[in-house]
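# Remarks on the overall topology
Now for the letters of each chain:
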Amino acid sequence: MELNVNSVARTVQSPPLTSLLTVLREELDITSPKAGCESGGCGACTVLVDGQPRRSCLTAVCTLDGADVVTVEGLGTPEDLSRVQQAFIHHYAAQCGFCSDGMVVAATAYVNGGGTDDTDAIGEALAGHFCRCTGYVKILEAVAAAARGDECDVGSTASSANNTYVSIAGGES
Ligand code: FES
Ligand code: FES
């Protein structure tokens, strides 16, 4: 089975029904997708498959022969972070970081798809992504900033519009 992972051609040896999450983490040593619930409910394992967000824990690798897979490792480098990565840092949208890779991947698909800074639309795009740390406000602000194309200085932290807890669809517990 052949995959194009972060623009590198990879041959996968795992059995065909192995989840993409397991292939990425345990065979290909790409560890940004996290094993959270492993049942499709938390978003921590999200990667892009042919440009669309996909729960890698629910995706059998045999369904992906020839697909393009992108993880956070493929979005930017420490020296050249992507727009969404810069926004997450500037807006302090990651704390422990467990949810962040899935959030960044889903937000990247949203921004690349022409998503706006509308809070409801961002919440819908991130539906089902759970964060136990941030209260979601800063995540929503970061994605909005990336959607607007704001300059985001990773050497400073933006002040938040508010510090109250909000929920995104399906992500309120
Ligand atoms: S680990 Fe895949 S959705 Fe939770
Ligand atoms: S930053 Fe800790 S779970 Fe989201």
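Since the model is a prediction, treat every value here as computed from it, not as a measurement.

## Here's the deal with the sheet that holds strand β4 (residues 52-55)
Read from one edge to the other, the open sheet built from five strands follows the order β2-β1-β5-β3-β4, with strand pairing classed as mixed. At either end of the open sheet lies a strand with only one pairing partner, and these are β2 (8-11) and β4. Strand-to-strand twist in this sheet, taken as the mean axis angle between neighbours without regard to direction, amounts to 40°. Bridge analysis of strand β1 (residues 2-5) against β2 gives four bridges, and the strand direction is antiparallel. Bridging from a neighbouring strand, L3 pairs with R10 of β2. Along the sheet, helix α3 (residues 100-112) makes contact with β3 (46-49) and β4, crossing β3 at roughly 35°.

## Topic: unusual backbone geometry
Phi angles above zero are rare outside glycine, and N6 is one such case at about 50°. One non-glycine residue, D29, lies in the positive phi region at around 60°. Mapping D29 onto the fold places it in the loop between α1 (20-27) and β3. Of the residues examined, D29 has 7 C-beta atoms within 10 Å and is grouped as exposed.

Calculation criteria
Residues numbered from 1 in each chain as written. Chains lettered and ligands numbered in written order. Predicted model: local features only at pLDDT ≥ 70, side-chain atom pairs only at ≥ 80, totals over all residues. Pairing = 2+ DSSP bridges. Helix = DSSP H or I, 4+ residues; strand = E, 2+ residues; numbered from the N terminus. Axes fitted to C-alpha atoms, helices over the stretch in contact; angles between N-to-C directions. Contact = placed C-beta atoms within 7 Å. Buried ≥ 20, exposed ≤ 12 C-beta atoms within 10 Å, placed from the backbone.

Note that all results are geometric; they support no functional claim without further evidence.
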